[in-house]
Amino acid sequence: IDRSPCGSGIQARMATFYSKNSKIKVLNKTVLFKSIIHSKFKGKIVKFFDNDSSSKRSFDVLVEVSGTANYTGLNHFLVEDNDSLGNGFLI
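Within each chain, residue numbers correspond to sequence positions counted from 1 in written order. Residues qualify for local features only when their pLDDT is at least 70, as the model is predicted, and side-chain atom pairs are given and counted only at 80 or more; totals for whole chains, interfaces and linings, by contrast, use all residues. To obtain the side-chain values, all non-hydrogen atoms of the structure were used and water was disregarded.

J.: Mind laying out the overall build of the protein, listing which residues take part and the relevant values?
T.: A run of H or I in DSSP becomes a helix once it reaches four residues, and a run of E becomes a strand once it reaches two; helices and strands are each numbered from the N terminus. On a plain count of helices and strands, the protein comes out with two helices and three strands. Helices (α) and strands (β) of the protein occur, in sequence order from the N terminus, as α-α-β-β-β. Per-residue burial for the protein yields a buried fraction of 15% across its 91 residues. Working definition of accessibility: Shrake-Rupley area with a 1.4 Å probe, residue cover restricted to the visible protein chains. If you sum the accessible surface of the protein, you get close to 7800 Å²; carbon and sulfur atoms cover 52% of it. Each residue's exposure class comes from its accessible area (1.4 Å probe, protein chains only) as a fraction of the maximum for that residue type: buried when under 20%, exposed when over 50%, partly exposed otherwise.

Right, dumping it as structure tokens:
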């Protein structure tokens, strides 16, 4: 069970909300998201950008996400001496 709604998911849901509604209705409107255990995060579209090009039309939004979270664990990563990707990689 995810303890909190995630910021990435909230941003995606706000972008979908924007694409399905009038810009005027959604700008600066706070939407409340709850997890199944009732923790809460808020999302708000604070700015939108209409990018119109000849090949496609896209609608980009700047989303503000707010809420609280607490540390629930700690990870420790190890790198073996013979790991060729131990220092990272670029795609």
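Moving on from the coordinates now.
J.: Break down the nonpolar core for me, with residues and values.
T.: What is meant by a nonpolar core is a set of buried Ala, Val, Leu, Ile, Met, Phe, Trp, Tyr and Cys residues, joined one to another through side-chain atoms within 4.5 Å. Membership of the largest hydrophobic core is limited to eight residues, which are Ile10, Met14, Tyr18, Val26, Phe33, Phe41, Ile45 and Val63. Top contributing element to this core by residue count: helix α1 (residues 7–20), with three residues. The residues touching Val26, leaving out its near neighbours within four places in the chain, are Phe17, Tyr18, Asn21 and Ile45. What makes two residues a contact is simply this: any of their non-hydrogen atoms within 4.5 Å.

J.: Describe the pattern of salt bridges, with residues and values.
T.: Any two side chains of opposite charge can pair, on the condition that their charged atoms come close. Here, a salt bridge means any Lys or Arg side-chain nitrogen found within 4 Å of an Asp or Glu carboxyl oxygen. Summed over all chains, the structure comprises one salt bridge. A salt bridge links Lys44 to Glu64, with the nearest nitrogen and oxygen atoms 3.7 Å apart. Within this pair, whereas Lys44 is found in strand β2 (residues 40–52), its partner Glu64 is found in strand β3 (residues 57–67), the two being separated by 20 residues in sequence. The class of Lys44 is partly exposed, set by a relative accessible area of 21%. In this structure Glu64 comes out as partly exposed when scored by relative accessible area, which is 41%.

J.: I'd love a proper account of unusual backbone geometry, names of residues and values included.
T.: With the exception of glycine, most residues fall at negative phi, and the peptide bonds are largely trans. Of note, Asn28 is a non-glycine position whose phi angle comes to about 65°, a positive value. Along the polypeptide, Asn28 turns up in the loop between α2 (23–26) and β1 (30–34). Taking the relative accessible area as the measure of exposure, Asn28 reaches 46% and is therefore partly exposed. In this structure, His38 is a non-glycine residue whose phi angle is positive, near 75°.

By themselves, these figures tell us nothing about what the structure is for.
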